[in-house]
Amino acid sequence: MKVLLAALALAVAAGGQAASPTDTPAKIKLWRLDCGRLDENAARKWAWQKVPTPAPCFLVAHGTRYLLWDSGLSVRALGNAHPTAKLDRTIADQLAQIGIAPEQVEFVGISHYHGDHTGQASKFPRAKLLIGAGDFAALKTTPAPGGAAPPHLQPWLDGKLPVEAVVEDHDVFGDGSVTMIPTPGHTPGHSVLLVNLATGPVILAGDLWFSYEDMVRGAMPHFNSSRAETLASRDRISRLAEKLDAVVVVQHDPADVVKLPAFPNAAE
Ligand SMILES: [Zn+2]
């Protein structure tokens, strides 16, 4: 009994509901949301820059608990307000279509601090922020690191909402179904998300790679925080994907994001 109570206390301390062996596992669903795009520019160097670059984000359902992974472009990109960054619909608008209110989102997890991944984070007024510890520390420096938009994450930087600064593999719902994995290199706290669907595992790879071409050529942007860490992180995730036979989704590659169904359909 003592052991059982200890396990129960641990589960509660970890923030999850205590699971009993008779519980049916929570149903996991994964939606790909349109969270904006960075428009094409034929004069740019890389193939991925010559076509509209999607800036997707993703909703994971664990039963009736929800995690938003990345939060796309800011609402300032709505319509034609910005020359190259475009947003057609807000995340909240898309969630409303599937009957989910912003207040129901328990976690906002971000792959990294760049502004095209954090734009609408603060629209989720009850969410705990899941962020790589290296990124959270970097956001507090002055000046802010290149490409970061600290105001997007102000409620968490101000301590008004809870933060999980992730330093090692983080089991989001406490049952192994969804894991945030640190993959530093693009930024100091870059992370990917492993989602174990009934049909097989999916890895949402953030900007670990920018395109499938990057995977083949080993290329990376000059502004990555560490080339060596990027290579080590890519190696780890490639091996993990092979071991698990996981689908890897390179988030900015238009040919890759379509591995997941078009909204409002979800992968299960
Ligand atoms: Zn990006």
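For the protein chain, an unreviewed UniProt entry supplies the name N-acyl homoserine lactonase family protein and the organism Sphingomonas sabuli. The annotation that UniProt attaches to the protein chain under Sequence similarities (unreviewed entry) is "Belongs to the metallo-beta-lactamase superfamily."

(A) Expanded view of the coordination of the zinc ion. Coordination of the zinc ion by the protein is provided by D116 (OD), H117 (NE2), D207 (OD) and H252 (NE2), with metal-donor distances spanning 2.1 to 2.3 Å. For the zinc ion, the four donor atoms in the first shell make angles of 83 to 170° at the metal, a pattern classed as irregular. On the primary sequence, the residues serving as donors to the zinc ion are separated as D-H-x89-D-x44-H. Here H117 is found in helix α4 (residues 115-118), whereas its partner H252 is found in the loop between β14 (247-249) and α9 (254-257), with 135 residues between them in sequence. When sorted by exposure, H117 lands in the same class as H252, which is buried.

(B) A look at the packing of aromatic side chains. Evaluated as defined, the whole model comprises two aromatic pairs. Judged by centre distance (5.6 Å) and plane angle (75°), the rings of F107 and F173 are edge-to-face. Of this pair, F107 sits in strand β7 (residues 105-109) while F173 sits in the loop between β10 (170-171) and β11 (178-182), and the two are 66 residues apart along the sequence. Assigned by exposure class, F107 and F173 land together as buried. Pairing F210 with F223 gives two aromatic rings, centres 6.4 Å apart and planes at 75°, and the pair type is edge-to-face.

(C) Inspection of a nonpolar patch on the surface at higher detail. Taken together, the side chains of Y212, M215 and V216 make up a nonpolar region of the molecular surface, amounting to roughly 300 Å² of accessible area. Among the secondary structure elements, M215 is positioned in helix α7 (residues 212-217).

(D) Just helix α8 (residues 227-244), in detail. For α8, with 18 residues, the first-to-last C-alpha span of 26 Å sits near the 26 Å given by 1.5 Å per residue. Among the residues of α8, those classed as buried are T230, S233, R234, I237, L240 and A241. Buried residues along α8 cover an arc of 135° about the axis, so they all sit on one side. Exposed side chains of α8 directed beyond 90 degrees from the buried face belong to A228, R239, E242 and K243. Elements in contact with the buried residues of α8: β11, β12 (191-197), β13 (200-204), α7 and β14. With a side-chain oxygen positioned 3.5 Å from the backbone nitrogen of A228, the residue opening α8 is S226.

Scoring rules and cut-offs
Residues numbered from 1 in each chain as written. Predicted model: local features only at pLDDT ≥ 70, side-chain atom pairs only at ≥ 80, totals over all residues. Heavy atoms only, no water. UniProt positions renumbered as here; feature names shortened; annotations may be inferred. Donors = N, O, S within 2.8 Å, 3.2 Å for Na, K, Ca; no water. Tetrahedral: all angles 85-135°; square planar, octahedral: opposite > 155°, others 65-115°. Helix = DSSP H or I, 4+ residues; strand = E, 2+ residues; numbered from the N terminus. Buried < 20%, exposed > 50% of the residue type's maximum accessible area, 1.4 Å probe, protein only. Phe/Tyr/Trp six-rings, centres within 6.5 Å; stacked < 30°, edge-to-face > 60°. Patch = residues over 30% accessible without salt bridge, like charges linked within 9 Å, V, L, I, M, F, W, Y side chains within 5 Å. Areas by Shrake-Rupley, 256 points an atom, 1.4 Å probe, with all protein chains shown as cover. Salt bridge = Lys/Arg side-chain N within 4 Å of Asp/Glu carboxyl O. Expected span 1.5 Å × (residues − 1). Arc of directions from axis to C-beta. Contact = heavy atoms within 4.5 Å. Polar contact = N/O pair within 3.5 Å; in protein donor to acceptor, adjacent residues only side chain to side chain.

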